[in-house]
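The residues making up each chain are set out below.
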Amino acid sequence: MASSPNPRARAAGDLIQLRPEGLYCPAGDFHIDPWRPVPRAVITHGHGDHARIGMGAYHTTRIGLPILEWRLGEQIYMAHEYGVPFRMGDATVSLHPAGHVLGSAQVRVEVDGEVWVASGDYKRQHDPTCAPFEVVRCDTFITEATFGLPVYRWPETSEVAREIVAWRDHCAERGEAAILYCYALGKAQRVLAELAAHTDAPVLLHGAVANGVDVYRRAGVPMIETVPVADTDKAAEFAGKLVLAPPSAAGSAWIRRFRRAQQGFASGWMRLRGNRRRRNYDRGFVVSDHADWPDLMRTVRETGASRVIATHGNTDAIIRALNEDGIAAEAFRTDFGGEE
């Protein structure tokens, strides 16, 4: 089945519509992850492209609330348990685990028996730091497509953690520190949790990463022991130490204190060697908090949706593949940035 020949006419009656401010639900008079100020926002998770300053009120998951408070400060928050419906106008809304980062959620919207689900960012791989993805049956599924190309297929993260430890040990033999860049919310915590099965050596943290790790620890997420770099002696020897830092630290004055170091990056983008070479990293580790191609396609089918709307990323490939499978598919051009 091909896409509708008259998308404008259909959009007028859609439960969720693309507006200049973001994804909008007319029946409930609220937006999902809006990128401009609106009175009522339902937030899928705390990454900066989905949770922004300026909203009148923020609806989020109870477990994800501390992350929004860390990122956005004092705001008007409405916290909800996973799977418990609440009313917004004429819409019944519920939040369901997305498996992306701690507290991340899909947004289920039901009006007069019709069900739409906005996935936000999600993944299907095991992650010890957050609730696993929950398949939510729906009529229309709005899916991310950050890694929506067949080349993106993820290895088991436990094996990648083993590779990171081996890299650290190799650096130790060379008298170097191993500086691993990863995003401060979600990725760093997942790496720290996975490392616990392979080593007990403490990991050093850049301040931006340490703050996020503290939020996760207060939520009860178990991770390997960590020490902020700021708490180490200025004359400390870092050879053989694993250091986690945000990508923004690369090339900064902060890096100079390590004198001799190799630099790696943990990201789904490292699946393509050209990305590592262009960014001049010594090592690339394939770890992503987004669904890979097989899981994107599997998820769409498991929702039972007859219509799919892809957002941000490689939408063209997934639309083409779904149309060939008889599922009506199209794209929303949003301001979401994918993997930060």
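This text gives an overview of the structure that appears in the document. Model, not experiment: these values are computed from the prediction. (Residues numbered from 1 in each chain as written. Predicted model: local features only at pLDDT ≥ 70, side-chain atom pairs only at ≥ 80, totals over all residues. Heavy atoms only, no water.)

Here we look at empty space enclosed by the protein
- All chains considered together, the criterion is met by 3 cavities of 30 Å³ or more.
- Looking at the largest cavity, its volume works out to about 70 Å³.
- Taken together, 14 residues make up the lining of the largest cavity; nearest its centre are Leu-23, Gly-120, Ile-142, Thr-311 and Phe-336.
- At 3 residues, the largest contribution of residues to the lining of the largest cavity is made by strand β11 (residues 140-145).
- Taken together, the residues that form the lining of the largest cavity break down as 5 nonpolar, 7 polar and 2 charged. (1 Å grid on protein atoms, 1.4 Å probe; cavity = no way out; pocket = protein on both sides within 12 Å on 5 of 7 lines; lining within 4 Å. Points joined across faces, edges and corners; volume = space filled by probe spheres on them. Helix = DSSP H or I, 4+ residues; strand = E, 2+ residues; numbered from the N terminus. Nonpolar A, V, L, I, M, F, W, Y, C, P; charged D, E, K, R; others polar.)

Re the sheet that holds strand β10 (residues 114-118)
- One open sheet holds the 7 strands; their spatial order is β7-β8-β9-β10-β11-β18-β19, and the pairing between them is mixed. Taken across any chain shown, the strands that pair with only one partner, and hence form the sheet edges, are β7 (86-88) and β19 (328-332). Strand-to-strand, the axes of this sheet are offset by a mean angle of 25°, without reference to chain direction.
- Bridge count between strand β18 (residues 307-313) and β19: 5 bridges; the pairing is parallel. (Pairing = 2+ DSSP bridges. Axes fitted to C-alpha atoms, helices over the stretch in contact; angles between N-to-C directions.)

What to know about the packing of aromatic side chains
- All told, the structure shown has 14 aromatic pairs when counted by the stated rule.
- Geometrically, the ring pair formed by Phe-147 and Trp-269 is tilted, given 4.3 Å between the ring centres and 50° between the ring planes. Of this pair, Phe-147 sits in the loop between β11 and α3 (157-173) while Trp-269 is found in the loop between β16 (261-266) and α6 (273-279), placing the two residues 122 residues apart along the sequence.
- You can call Trp-269 partly exposed: its relative accessible area is 22%.
- Seen in terms of ring centroids, Tyr-183 and Phe-265 are 5.9 Å apart; in terms of plane orientation they differ by 85°. Their pairing is edge-to-face. With Tyr-183 in the loop between β12 (177-181) and α4 (187-195) and Phe-265 in strand β16, this pair connects stretches of sequence that are 82 residues apart. (Phe/Tyr/Trp six-rings, centres within 6.5 Å; stacked < 30°, edge-to-face > 60°. Buried < 20%, exposed > 50% of the residue type's maximum accessible area, 1.4 Å probe, protein only.)

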